Amino acid sequence: MPKKKGKHAEMGKEMQTECKRVKMEAACSPSAMSFENPDSLFESLISPIKQETFFREYWEQKPLLVQRNDPFLAAYYQSLFQLSDLKEMCSQGLYYGRDINICRCVNGKKKVLNKEGKVNYMQLKKDFDQKKATIQFHQPQRFKEELWKIQEKLECYFGSLVGSNVYITPQGSQGLPPHYDDVEVFILQLEGEKHWRLYKPTVHLAREYNVEPEDRIGNPTHEFILKPGDLLYFPRGTIHQADTPLGISYSTHVTISTYQNNSWGDFLLDALPGLVFEAAKDDVVLRTSIPRQLLMQVDIAYSTNKLSSLLRRLADRLANTRELRSSDMKKDFIMNRLPPCLGCDTQHLTPGGKLPKIDSQIRLQFRDHAVITVEPDQESSVS
């Protein structure tokens, strides 16, 4: 069970000052989500904070809390997902593990209460009501068109895969123990209220998920209540835990996450093999053999010096390279990103025809999903 506090809304001075400013601005200029383009979608998501302010002051640096207290936004967010949606979704064939997890935080540890096979709504509701279990719904954008549209636009905006989970927690209960994630997190409060506590990271910009015991994390740096229409952002590595307060029947929020394995380190791991392969075609030094028995040696002083020299050669080559080929990261993004959300109206799409010529005028209907490269025709080139 989560620790009970006398005043859940108490928070650190820095976050408290920021919240007051955001609340005043939001009261003056409420904003709905805009799907005109990726930029407008993200701008409306974090409104009233501006994009340049967000990336300069918050992104990968510190949490952002936007408390809007606006009935219009609260009603809009509730359409993204509600507890009442589960009954119909269960009738479509949901499975434990794949689609839904049932869990509860017990003595600082996550206890999974999943059954086997297909989810039965009556059993699900029983676990929720009687066992005070949290319902974690995976990839809700498969069933909710508005979430699909949000995630598709955010993938265009970030150039990175975007995922989501819905968490529904009954009153006086907590689903997950204190932990940190390996993704940038945006939380939209949909129904009810959620009491949040954030802690100083033990691993800044973490590369993996990890549970942290309460005796290691110290006191919260921020503590507050999320209400419908509110937004919370925090960087990967931020330790957090959340519970539904007593007196609130339940809480529903959607967690939107991005930038998993999308760091410079990941990009180097992806791009350097191709760079080395191409460089070795032209540079005989890279094609010379390693010394005999090098792989069996314990003393690596010679190897590190030699590798440092070779890396400097690659750096010089890189400075004059017009294109750095990223293979696996780019392929993963292109293959797994969400397609444009067309809804039921697909009549405006025309069948494929002849490929356009180099001087043809074309209009891209979904230009955020297209990458066009023009290269010389190898067969017609004069030798």
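The shown structure was predicted, so the numbers you read here are calculated from the model rather than taken from an experiment.

Tallied over the full model, the rule gives 16 salt bridges. Between Arg207 and Asp266 there is a salt bridge, with the nearest N and O atoms lying 3.1 Å from each other. Of this pair, Arg207 sits in the loop between β8 (194–199) and β9 (210–211) while Asp266 sits in helix α9 (residues 264–282); the two residues are 59 residues apart in sequence, bridging distant segments of the chain. The exposure class assigned to Asp266 is buried, which follows from its relative accessible area of 10%. Among the charged side chains, a salt-bridge network with shared partners connects Glu60, Glu184 and Arg236.

Quick look at the pairing of strand β5 (residues 162–170) now. Buried residues dominate β5, accounting for seven of its nine residues. Here four bridges tie strand β4 (residues 134–138) to β5, and the two strands are oriented antiparallel to one another. In the strand pairing of β5, His138 is matched with Asn165. As paired elements, β5 and strand β13 (residues 250–258) share nine bridges and run antiparallel to each other. Its bridge partner being in β13, Ile168 is matched across the sheet by Thr252.

Reading guide: rules and limits
- Residues numbered from 1 in each chain as written.
- Predicted model: local features only at pLDDT ≥ 70, side-chain atom pairs only at ≥ 80, totals over all residues.
- Heavy atoms only, no water.
- Salt bridge = Lys/Arg side-chain N within 4 Å of Asp/Glu carboxyl O.
- Helix = DSSP H or I, 4+ residues; strand = E, 2+ residues; numbered from the N terminus.
- Buried < 20%, exposed > 50% of the residue type's maximum accessible area, 1.4 Å probe, protein only.
- Pairing = 2+ DSSP bridges.

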